[in-house]
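Spelled out from the first residue to the last, the chains are:
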Amino acid sequence: MPLSKLQFKPGINRENTNYAGEGGWFDGDKVRFRSGYPEKIGGWQNLAASVAGVYYTYKGICRNLWNWITLNSSNLLALSTEQKLYVENGGAYYDITPVRAPLTINTDPFSTTNGSKLVTVTDTAHSVTAGTFVTFSGATGSGSPSTIGGIPIAEFNAEFEIVEVLTSNTYNIILPSAATSTTTGGGAAVSATYQINAGGSVFSPSTGWGIGPWGGNTVYADFTATISDGSGNAGTILNVSAVASGTLSVGMVISGTGITAGTTITALGTGSGGTGTYTVGTSQLVSPAVSGIVGYVDGWGEEFSGTAEVEERGQLRLWSLDNYGQDLVAAIREGEIYYWAVNTTTSPPRAVTLESLATAAGYDGTFVPNRVFEIHTSGVNRFAIAVGSNPYDPTDSETTFDPMLVRWSDQENIYQWVPAADNQSGEIRMSHGSRLVTARHGRQEFVVWSDSAIYSMQYLGPPYIWGVTLLMDGISIASPNAVVGASNIMMWMGIDKFYIYDGIVKTLPCSVRQFIFDDMNQDQMFQVVSGGNEQYSEVWWFYPSSDSTVNNRYVVFNYLENVWHYGTMNRTAWLDSSLRERPMGAFSIKTSYLSAQISSSDTAINLLDASSYPASGIIQIDSEKISYSSKTAVALSGCVRGIDGTTAASHVAYSTAGLVIPNQVMYHEVGNDDFSTDTAVPIEAYISSSDFDIGDGHNFGFVWRIIPDLTFDGSTTPSGDHPAVTMICKPRQFSGSAYGVPSSPSVISAQSYANQRVYTVQEYTGQVYTRVRGRQMAFEIRSTGQGVAWQLGAPRIDIRPDGKR
C-alpha cells in the first residue's frame, strides 16, 4: 500500500466521541495551533527582580492586573489581592494598601506561650478579619536586651498578618521566634495601624443573592465557636444574642470543619447574651477558635436585616483597577473607591479613599459612592464610572446600595458626584437582571454586563450625558473577569457557553464546550479570569476544574484560525498590555502556616488554611522541601519529606508552609521552559488525535513504518543534547475496546508505555520502524525535555493488510 498521510483538522474537538471525531485532535496540553498545525506553547519567566537569589513577591492571590505609563514615563503595573494592593515598578512590588488611622490599643496587649511562635493580641472591638495586616509600634519589654516572653522587642514593632480571629477583642499573629516563657507585655503605648480588612481567597457558595431565610428578623453579633465533644455535632457559641431557641445562621466564617444542617447545639451567651438551644439552618463551618458573624432568625414575613442585604458579601475579594490620567483609581467589589497619586520616590504613598480626597479638594465627599461593584474611567471623555452603587439623594449620603445602578462623576472632575445644572455627573439604573457584573471599554461605547443582559452606554453630552441601549437579554457571564477584548470585538465565558459581541451579541461556537463546562467547579466560577495573547491571535480563560478550588485549567480560542484548545495551568490573573513586551500571568496562592508541630517522619501536614493550594505540589518549611499528592481545606497528605537534597526535620507549630514557587507575575512566551525560579523546569506538552481507521478499518492493518514530519526551530536544549519528542501510537481493535500493545516482539527503537507504542523522534530522524497492529489507531506527540520547541507537520505511515482477526 502507498504511504498514508496523517493530516488532522486544526483545533481540539471534544463534542463527539473519540471515534466519531476521526480526522481531528482529541486531547492536548501546552500546545497551540499555527497555520493549522499544532506546536508547543512558549515558556514563562518571573518578571520580579531578585536580591541575593530571592525574588520580590506579594501576599495573597492576585485577581487583577492593570498597566499604564505615567507622565515621567514610568511603566507601572497595579495588582490586587484579597489581602493587599500593590504597584510593581522595575521588578519590585510596592505595598499601597489603604490603612486606617493609627490607634493606641490595650495596655500590655501581647500574650505569649512558652515554646510557641503564636502571640495573642488584645484590642477591644478590633473589627478585623483573618488575613488582614497590622503594623505595631511603641511596644516595650523588660530586661536587657528588651524582650516579651523571651522574644526581642524589635520583632513586635513590625507588620504582621492576622492569622486567626479569636473573639471581637482578640486575634493571633505569628512572630519569627518562639517564646521562651508564658507572659503578657508590650506596655501602655502600643500603637496599631490596621490595613483595610482582607477578603476571601475562595468563593463562599453559601453566600449570595437569595441565600438565607426568606423574611424574619435577624440580630447579628460576633462569635467564637468551640467543638465540645470533638464529633462536629455539638458545640458552644459565645456572644449570641439573648434568645432561647430558633434557627441559627452563621456567615463570614474564617476556617474550620462542618456542622451538619439541622444539628441541635447549645449556645452559651456572654455579656448581654443568653443561654439557649439552637438548630443550625444550613451546613456551617465552626471549629475551635474560629470567628465570624452569627444571626438569629425569630420571625416569618418580617423585615430581614443584616449583611444579607448585599448579595455578594462573603465571596472572594475582587478589585477593579483603572487609571485616571497618570494616577490609579481602584475599588473593592462591594467596597469603597480608592485613589493613588503617582509618586516618583522608591516608597510610594498608600492609596486613600476618594471620599477623603474630594473633601480635601472642597467638594462634599460624603456623596462619593460609598459602595460599588467596580470603578472605571471613560478614557477620552474623562468620567469616573461606578458600576453598581448607592444612589444619590441630597438628603441622605448613606443610601442603600443598588446592584443595578450606574453612577458617574462630573466630566474632568473625579471629585464631583453631586448632579447639578453646571456639571455632568449623574446616574442611570439598568432594567434587566438582578445585579451588574462588570463593564469594559468598547469602540465608541462603554459596555456593561448584568447577570442576564448586556448594555451599551454611549456619551451623548448634556442634558442626557449618557444613553443606554439594551443589546441582548437572556445571556450569562461567569465572573467579572470573564470578558476579554481582542481585534475590536469582545468575548466572554458564560455559565454554560461562550459569547461574542462584534456589534451583535452571538453565541460563540466551541468545539470543547461540553468538556470545559462539565469539568468546572461551578461554586468557584467567580474565579474565572481571561486575557488576550495578541501575538498569536488568542484569548485565554483560566478556571477551576471540578476537583479544584483554585484555577488550574485553561481554554483558548484562536479567533484568526477559529480553533479551540485547552490545558492545565495555575493563573489567577492575566494581562496582555501593549505597554509591556509580553503577556503577563499571575501565579498565586494564599500562604498558610502549620497548625500543629510535625516530626521529621509525618506524611500528613495540618495547616491553618490550605484552600488555595493546588491539588498537589511542593512546599517549603524552613529549609526543608516537601512534596504532597493530595489535600483538603486544612491538610496536605501523601507527603514525601526532605526532597531535592533537603533534610527532613521537625518543625514547630505556626511555621510558614508556602509553595516553593513564590507568588509572582510572569512574562509568557519567553523561551521554552518554566523559569518561575532561577532553575529552568521543562514544560511537558502533548497533543493526541482522535482514533482513525488503519486502512479502511474493515481488516486489520499492520503499520510497519512512520515517516515523521517535525521541526524543532527555536529549541534551546542544553549543550550536547538534541531536541526530541516521543511519538506514541495507540492501536485497538474496536472503538469500544482498550488500547493495547501488539503481540509481536518489540523493536529496539520502541518501548511499551501504558499499553501504547512509544518512539523517540529527534531532529534528524528520517523514519521509524514500528510494529503496530489494529483496525484503528490514535496518534500522539509529547515532549518532556528542557529547551524543546516543536511544530508538527504531516507525518506519513506505511500500512500492510493483516487479515480480519
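Residues numbered from 1 in each chain as written. Predicted model: local features only at pLDDT ≥ 70, side-chain atom pairs only at ≥ 80, totals over all residues. Heavy atoms only, no water.

Enquirer: I'd like a rundown of the overall build of the protein, residues and numbers included.
Expert: A tally of helices and strands in the protein yields 2 helices and 73 strands. Residue burial in the protein is summarised as follows: out of 805 residues, 54% are buried. Counting contacts in the protein only where the partners sit at least 6 residues apart, residues at least 24 apart contribute 65% of the total. Of the accessible surface of the protein, which amounts to about 32400 Å², a share of 50% is contributed by carbon and sulfur atoms. (Helix = DSSP H or I, 4+ residues; strand = E, 2+ residues; numbered from the N terminus. Buried < 20%, exposed > 50% of the residue type's maximum accessible area, 1.4 Å probe, protein only. Contact = heavy atoms within 4.5 Å. Areas by Shrake-Rupley, 256 points an atom, 1.4 Å probe, with all protein chains shown as cover.)

Enquirer: Could you give me a rundown of unusual backbone geometry, with the residues and numbers involved?
Expert: With omega at 5°, the peptide bond leading from Ser-144 into Pro-145 counts as cis. Note that Pro-145 resides in the loop between β16 (133-137) and β17 (147-148). In this model, Pro-462 is joined to Pro-463 through a cis peptide bond whose omega is 5°. As for its placement among the helices and strands, Pro-463 is situated in the loop between β42 (453-461) and β43 (465-473). Positive phi outside glycine occurs at Glu-412, with the angle close to 65°. Checked against the element boundaries, Glu-412 lands in the loop between β38 (402-408) and β39 (426-429). In the Ramachandran plot, Asp-622 falls in the positive-phi region, its phi being about 55° despite a non-glycine side chain.

Enquirer: Tell me about the sheet that holds strand β34 (residues 337-340), and please be specific about residues and values.
Expert: Read across the open sheet, the 4 strands follow the order β32-β33-β34-β35; overall the sheet is antiparallel. Edge positions in the open sheet fall to β32 (319-324) and β35 (352-353), since each of these has one partner strand only. In this sheet, strand β33 (residues 327-332) lies alongside β32 in antiparallel orientation, the contact comprising 6 bridges. Looking at β33, one finds that Leu-321 is bridged to Ala-330. (Pairing = 2+ DSSP bridges.)

Enquirer: Now, about the nonpolar core: what can you tell me, with residues and values included?
Expert: Ranked by size, the top nonpolar core spans 65 residues in total, and within it Met-491, Trp-492, Met-493, Trp-541, Val-555 and Trp-790 carry the most contacts. Filtering out sequence-adjacent residues up to four positions away, Met-491 remains in contact with Ala-482, Val-483, Val-484, Ala-486, Tyr-499, Ile-500, Leu-508, Val-539, Trp-541, Phe-557 and Tyr-559. Of all hydrophobic cores here, the second largest spans 27 residues; its members include Val-529, Met-569, Ile-626 and Leu-636. (Core = buried A, V, L, I, M, F, W, Y, C linked by side-chain atoms within 4.5 Å.)

Enquirer: Outline the sheet that holds strand β6 (residues 44-46), supporting the account with residue identities and numerical values.
Expert: Spatial strand order, β52-β53-β61-β6-β62: 5 strands in an open sheet with mixed pairing. Edge strands, defined here as strands with exactly one partner in the open sheet, are β52 (573-575) and β62 (674-675). Relative to strand β61 (residues 664-668), β6 is paired through 3 bridges, and the arrangement is antiparallel. Bridged to Gln-45 within β61 is Tyr-667.

Enquirer: Which residues make up the packing of aromatic side chains, and what are the values?
Expert: Scanning the entire structure with this criterion turns up 30 aromatic pairs. Measuring from centroid to centroid gives 5.1 Å for Phe-110 and Phe-136, while their planes differ by 90°, and the two rings are edge-to-face. With Phe-110 in strand β14 (residues 110-112) and Phe-136 in strand β16, this pair connects stretches of sequence that are 26 residues apart. Taking the relative accessible area as the measure of exposure, Phe-136 reaches 2% and is therefore buried. Between the aromatic rings of Trp-541 and Trp-564, the centroid separation amounts to 6.1 Å while the plane-to-plane angle is 20°, which identifies the pairing as stacked. Taken together, the residues span a long stretch of sequence, with Trp-541 in strand β49 (residues 538-543) and Trp-564 in strand β51 (residues 563-568) at a distance of 23 residues. Exposure remark for Trp-564: the relative accessible area of 2% places this residue in the buried category. Among the aromatic residues, ring-to-ring pairing joins Phe-498, Phe-517, Trp-541, Phe-557 and Trp-564 into one connected group. (Phe/Tyr/Trp six-rings, centres within 6.5 Å; stacked < 30°, edge-to-face > 60°.)

Enquirer: I'd love a proper account of the pattern of salt bridges, names of residues and values included.
Expert: A full pass over the atoms with the stated rule returns 21 salt bridges. The residue Arg-350 makes a salt bridge to Asp-95 at a minimum N-O spacing of 3.3 Å. Here the residue Arg-350 occupies a position in the loop between β34 and β35, and Asp-95 occupies one in strand β12 (residues 92-95), the gap between them amounting to 255 residues. Note on Arg-350: relative accessible area 29%, which makes it partly exposed. In the salt-bridge network here, residues are joined through shared partners; they are Lys-84, Asp-95, Glu-159 and Arg-350. (Salt bridge = Lys/Arg side-chain N within 4 Å of Asp/Glu carboxyl O.)

Enquirer: Report on the environment of Asn-570, specifying residues and quantitative values.
Expert: Relative to the helices and strands, Asn-570 is located in the loop between β51 and β52. Judged by relative accessible area, Asn-570 falls into the buried class, the value being 12%. Taking the C-alpha atoms as reference, Asn-570 lies 8.6 Å from Tyr-543; in sequence the two are 27 residues apart.

Enquirer: Residues and numbers for the pairing of strand β37 (residues 384-389), please.
Expert: Consecutive residues of a regular strand have side chains that alternate between opposite faces of the sheet. Judged by how many residues are buried, β37 sits mostly within the fold: 6 of 6 residues are covered. Two elements, strand β36 (residues 372-377) and β37, share 5 bridges in a ladder whose sense is antiparallel. Paired with His-376 across the strands is Ile-385, a residue of β37. Where β36 hands over to β37, the hairpin turn is made up of 6 residues, of which Gly-379 adopts a positive phi near 65°. Pairing of β37 with β38 involves 4 bridges; the strand directions are antiparallel. When the bridges of β38 are listed, Ser-389 appears paired with Asp-402.

Enquirer: For the confidence of the model for the protein, give the residues involved together with the corresponding values.
Expert: Averaged over all residues, the pLDDT of the protein is 83; the fraction at 70 or higher stands at 81%. Confidence drops under a pLDDT of 50 for residues 206-262, and excluding neighbours within four residues, the segment shows 201 contacts in the predicted structure. For residues 741-755, every residue scores under 50 in pLDDT, and the model assigns this stretch 30 contacts once sequence neighbours within four places are set aside. (pLDDT = per-residue confidence, 0-100.)

Enquirer: With reference to specific residues and values, describe the environment of Ile-454.
Expert: For Ile-454, the position within the fold is in strand β42. The spacing of Ile-454 and Leu-471 is 17 residues in sequence and 5.6 Å in space, taken between C-alpha atoms.

Enquirer: Got a sec to walk through the pairing of strand β4 (residues 31-34)? Specific residues and values, please.
Expert: Of the pairings in the sheet, the one linking β4 to strand β5 (residues 37-40) comprises 4 bridges and is antiparallel in character. Note on β5: the bridge partner recorded for Arg-34 is Tyr-37. Linking β4 to β5, which pair antiparallel, is a turn of 2 residues; within it Ser-35 sits at a positive phi near 55°.

Enquirer: Let's hear about the side chain of Arg-317: which residues, and what values?
Expert: Along the chain, Arg-317 falls in the loop between β31 (290-297) and β32. Although Arg-317 is buried, it forms no salt bridge, and the closest oppositely charged side chain is Glu-82 at an N-O distance of 8.1 Å. Within the local environment of Arg-317, its side chain forms a polar contact with the backbone oxygen of Asn-197, the two atoms lying 3.0 Å apart. With near-sequence residues (within four places) excluded, Arg-317 lies in contact with Arg-63, Thr-81, Glu-82, Asn-197, Ala-198, Gly-199, Gly-200 and Ile-332. (Lys, Arg positive; Asp, Glu negative; His and termini not counted. Polar contact = N/O pair within 3.5 Å; in protein donor to acceptor, adjacent residues only side chain to side chain.)

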